[in-house]
Amino acid sequence: MAFNFPAFSYIIALIVDAFLIFFSLFHVIAFDELKTDYKNPIDQCNSLNPLVLPEYVLHLIFNILFVAAGEWVSILINIPLIAYHINRYRTRPVMSGPGLYDPTSIMNADTLTRCQREGWIKLAFYLLSFFYYLYGYVIALENAHVNPEHVT
Amino acid sequence: MSQSNMMNQNNMPNGMPPHMNGIDSSHSSRDSSPTVRYPYMTQGPMAPHRPIPANQLPPTSKTINQLSQNYSNLQINNQLTPRTSPKMFSTSTPNEQVKDNQSQPAIDRNKSQQSQGGVLSPIGFNHSATSHFSNVALNGNSVSNLGQTSQRFNVPSNFGGTQLPHQNSLPSNAVAPPPRPPLQQTLSQPRLMAYNNGPVPTSTSSPQHAVPQNHMTQRPLMNQPNRMPNFNLQPSVPVQSPATRMPTQMRMPNSMQQYPNMHQQQHHQQQQQRYPTPQQYTNQLQASDQLPNVTSNSVHQNSTPAQDIPIRANLHSNRYPTQPQYNQSHQQQQYTQQTIPLQQQQQQKLQQNFYQQSSQNVVQSGFNKLWGVENFDLLQTPNILPKTKVEVPRITLGNELLDHANCKPDIFRCTMTKIPENNSLLQKSRLPLGVLIHPFKDLNHLPVIQCNTIVRCRSCRTYINPYVYFIDSKKWKCNLCYRINELPEEFQYDPVTKTYGDPSRRPEVKTSTIEYIAPSEYMLRPPQAAIYLFLLDISRAAIESGYLHTVCSVLQSELNNLPGDTRTQVGFIAYDTALHFFSFADGLSQPHEMTVLDIDDVFLPCPDNLLVNLQDCMELVTDLLAQLPNRYNNSFETGSALGAALQASYKMMASTGGRVTVFQATLPTIGPGALISREDPSQRAGSDVQHLNPANDFYKRLALECSGQQIAVDIFFANSQYVDIATISGICKFSGGCMYHFPLFKASRQSQNESFEKCLRRYLTRKIGFEAVMRIRCSRGLTIHTFHGNFFVRSTDLLSLPNINPDAGFGMQVSIEESLSDVKSICFQAALLYTSSKGERRIRVHTMCLPVVNNLTEIINSADQQCIIGLLSKMAVDRSVQSNLSDAREAFINVAIDILTSYKASQNMGATSGLMVPNCLRLLPLYISALLKSIAFRSGVSTRLDDRVKAMCDMKTSPLPNLIQQIYPDLYPVHNLHDQNVIENEDKELVPMPPILQLSARNIDSNGAYLMDMGTHMVIIVCSAVSSMFLNHVLGVSDYNSISDEMYELPSLDNEHNQRLHLLINYLNDEKPMNATLQIMRDSSPNRNMFFEKLLEDRIETALSYHEFLQHLKTQVK
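Residues numbered from 1 in each chain as written. Chains lettered and ligands numbered in written order. Predicted model: local features only at pLDDT ≥ 70, side-chain atom pairs only at ≥ 80, totals over all residues. Heavy atoms only, no water.

Caption draft 1: Highlighting the overall build of chain B. A tally of helices and strands in chain B yields 38 helices and 33 strands. The proportion of buried residues among the 1118 residues of chain B is 64%. Long-range pairs, those at least 24 residues apart, make up 78% of the contacts in chain B with a sequence separation of at least 6. As presented, chain B carries roughly 39600 Å² of accessible surface, and 49% of it is formed by carbon and sulfur atoms. (Helix = DSSP H or I, 4+ residues; strand = E, 2+ residues; numbered from the N terminus. Buried < 20%, exposed > 50% of the residue type's maximum accessible area, 1.4 Å probe, protein only. Contact = heavy atoms within 4.5 Å. Areas by Shrake-Rupley, 256 points an atom, 1.4 Å probe, with all protein chains shown as cover.)

Caption draft 2: Quick look at the pairing of strand S26 (residues 841-853) of chain B. All names here are of chain B. Judged by how many residues are buried, S26 sits mostly within the fold: 13 of 13 residues are covered. Bridging between strand S3 (residues 419-420) and S26 involves 2 bridges; their strand directions are parallel. Residue pairing in the sheet places Pro420 in a bridge with Val853 of S26. As paired strands, strand S11 (residues 513-517) and S26 are joined by 5 bridges and run antiparallel to one another. Within S26, the residue paired with Glu515 across the bridge is Arg844. In the sheet, strand S25 (residues 825-836) pairs with S26 via 11 bridges, with the strands oriented antiparallel. (Pairing = 2+ DSSP bridges.)

Caption draft 3: Representation of the UniProt feature "transmembrane region" (unreviewed entry) in chain A. Residue and element names in this part refer to chain A. Residues given the UniProt feature "transmembrane region" (unreviewed entry) here are residues 7-31, 56-83 and 123-140. Secondary structure content for residues 7-31 is 100% helix and 0% strand, while the C-alpha to C-alpha distance between its ends is 36 Å. What you have in residues 56-83 is 93% helix and 0% strand, and the ends, taken at the C-alpha atoms, are 11 Å apart. (UniProt positions renumbered as here; feature names shortened; annotations may be inferred.)

Caption draft 4: Layout of the packing of helix H24 (residues 642-653) of chain B against helix H25 (residues 698-708) of chain B. Residue and element names in this part refer to chain B. For the pair H24 and H25, the least separation of the axes is 11 Å and the interaxial angle reads 10 degrees. If you check the angle between H24 and H25, you find them roughly parallel. Residues Leu642, Gly643, Leu646, Gln647 and Tyr650 of H24 form the contact with H25, whose own contacting residues are Phe698, Tyr699, Leu702, Glu705 and Cys706. Of the residues contributing to the contact of H24 with H25, the split by class is 7 nonpolar, 2 polar and 1 charged. (Axes fitted to C-alpha atoms, helices over the stretch in contact; angles between N-to-C directions. Parallel < 35°, antiparallel > 145°, perpendicular 65-115°, else oblique. Nonpolar A, V, L, I, M, F, W, Y, C, P; charged D, E, K, R; others polar.)

Caption draft 5: The arrangement of the side chain of Thr381(B) in detail. Structurally, Thr381(B) can be placed in the loop between strand S1 (375-377) and helix H17 (400-405). A distance of 2.6 Å separates a polar atom in the side chain of Thr381(B) from the backbone oxygen of Asp377(B). (Polar contact = N/O pair within 3.5 Å; in protein donor to acceptor, adjacent residues only side chain to side chain.)

Caption draft 6: Looking closely at unusual backbone geometry. Residues and elements named next belong to chain B. The phi dihedral of Arg461 falls on the positive side, at around 65 degrees, and the residue is not glycine. One can find Arg461 in the loop between strand S5 (448-449) and strand S6 (469-472). Looking at Arg461, the relative accessible area reads 9%, which means it is buried. Residue Leu744 is not a glycine yet carries a positive backbone phi of 50 degrees. Structurally, Leu744 is set in the loop between strand S19 (739-741) and helix H28 (750-765). Overall, Leu744 belongs to the partly exposed group, its relative accessible area being 36%.

Here is the structure:
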């Protein structure tokens, strides 16, 4: 069998991670726009807030796959980010809709730089993990390829 | 803000008469005050050729003795004003010889600086020598200089005088001010002297300190040429403590009254902006005489004076040549050698001996004291509060004219008067950097300009201001982004003389607070009319509180005084569990009430006639206001649908914008935005305060929608139970509204009703600006970090303010992003674009310029303690909302510790026994300990959650003077007003001015009576052993026990004791936006706690006393 479950979870992680890279790119650009006064904070928050939960969910999805596949190293790498996401959402400002960003406090310089930094760090993390998942995918395929030989 | 198409107007054909409508008029922004047509530069500081009133002229010999007597009474030793030679001040003298001597070297000097100046002053290196000359003529304010300069600049300098009759009444240039009166000058600093005279810390009364002090009493003398030879021979009153000082003052009340102008000067200095008088000019000159102090300061401090002075002197030297200053101290020395009497020469010799013996340190501390940068040991100085109002530190740019031009400190204020040149220096000083602004403050005289082209920088859109550089007559360099811009032809046209010439005659370049009437580019839509909508809570609790009677009667009487024009519209909605709309359709004989029961999906019962033109429907509106108070007497609905009512008002006003005024008496429990009571009364005294955050975001979201449609919501809370201000306040906070809170309101309680009425009256009649935005710009290298106040931040430097009112203050934290070492000064500019109630689009611009320094000691000594407190309290509110209250309290203490530690480190003091603070920060620990006991931040004392949240909101929005008075009220003794100093008020009446006491029970004497001024409220407490004279003549009661518990008014009696107190109270009220309510009580009255809980320095069960707080700081300061 050339294609096993770990390989499947890695290929899903690869695809989803590509999306996440786009998400965080969008995030970085959005905050840059805010900083340079191109966009109204209300509009910007309205466009950013609906994307927060999908991002978290997507990230969670392939991690669940990793758990199912028993890819513990990959899980370990991602656990800090999951914890951060949960904490971030737990301590979000009081708001009725989904999302994190509150137009009244987003322009606060501290919040703005924090969000921007968060975007960059996530972008870097997703990019690096993209290559890691690629590597993991290859290894998983290798294992799938090698293991039957050993057995036989 | 539309920021386009200004450039195509820039290139006007030369010689073409510019379409300049001239300058409108000085505009009285306090609507109630008479609008006097003033020439646009009547503000005094810049109009040089004013006669000096007789009482400001140098004293004749016969009065000298009396005056000096007064000095000793006043505790004025004129120690802190090191004289400069008279030459320094000859900008206002007609003495040509002196002038010539001085301006010539100045020019030379500037030239020489220019050769090396490319590095030193990057702003000015493009400058040509001719403009030096032009500036000499124009800015030196001297007619005598005109001969030296080219004809082009030969303009009369009483610019504004030909067109406008008002100034014609003033004597012309011929009556130039006489040489600066030295005596008066020293008087202009009574405050500093008071400090100096204060009790000398015992620990510092060692010889080390004796020397400098001795030295200082001498110091002023050196520059008193011949006029006052025996000045210092007057026995100075040795004062041990302020308590003993008072009686000395009392001894000669008559002589005090003979020379009211002394006090008056002091008064004027505080009041300059509001009450400009002819005297003001001299006052300001005198005030600015402090300038050279600073210069000489740096001369002495830095071992290389030649290096330092050019920088300071050359700050803007291409515009205002300054005198060569570096040898000024030598001149002084010469002066004194010649003029002082023998006796003092001996003293001086003694002093010199001391100097030779003592170490460098002593000299240093002596000079420090001389320049007002001396330090105090707080533990040894229990009476740290000055006797008069705390003086605002001045910004010194090294040039008098620029200093005069700077924005008034009650409008724009920075936490430090000198900006550190980089962030690490700022961090080292541990001081918070920020500005407080009160942009729409009521101003009595405000230059208003109407012109075709508002001159602004093309890249950063800064408005032209006094701190820009004129490279030549066609170009100017922006002082914020340093771009070189072209100057439109129009700007060189002087409408008064009808000539083209130097642009620096324009009011834009002469004053930092200015208002433009904006052309149509600044409008996104036609200016809106004044539209007012009133939302009245008519639930059972509201009816029971009876507020409706007050509101309706006040509104009825003030309907004609609502700011607005013929387009003004009003509307009313009453709400309980349903919404009650009132239609004022044509043909109705009385208003038609429509009730909407569906509050979950609000709709308007009829599209129009809900908001109607006030003038057309005046009768109907009056009719409604007469009916309303009793209309719902029999209603027993307990719910209140505030959310639905707000949604309805949003729908009514979305197309126009305007102001919604809500009167809320109970917690909104039904409909959208319903809330539940979150407060647990048993936890009120707990240290862990919860629910400071809003419960939901309904009000915030609605506020943002309102803000988008230019609707502001103001709320009056007249509640008797918890109303969750924390949540509801969102609607005001983000729509630029304001909030008033009357806890436990019952209209039957006279004092409450009275203050409610006063507040409402002021609220209805004060000025208002609609559809406003405010932009804060700052020099390159600085950024605005965080904003505080009620607004919505629309972009990094733009605040959206649907309404702006004159009582709204704002704060901004500033961070230094880039090093400022290549500039000499930085600027902040706030521009407020608004629609006046008359439908005019206007821009009010405030500019503040601050010097940049690189010396830690200088930075710490330039701190503005009150402003720091203002900013800290705003930051602490944020902290307690984001984190929790105890964090905020801890942060306060840490700030005090950090600042004191950094001061100690900067002074290399090592291990001293005391707690040393610099002069400029000596009240910081006092204010912080008061803040920790304030309603907003106290813990352990039972505090209603609503009161606490409201106090926090006040900290975010109050203008600084109000805030300081709330944090640390002023306490005056009023039982001996006949013995007190007098000052003169606007109407030339003599007002007794008792010293301000510290808020401690040790200052309360059982035979006294004390007035506590808490800003909006004043309390007079009468102690049991007060003299019967006071009771009879002042209060008009027969004995102590007949003072009722409900005394809310000072009776007007026909005797001078009573009138004195009235004068004092009126004087204190003059400075406030509205009169404070007054309550008179015995010290055994059941309400006395109101007074005694404000004795903030004393220990209470749950908080440290001020002294204990200091002890705590002492242990923490490393």
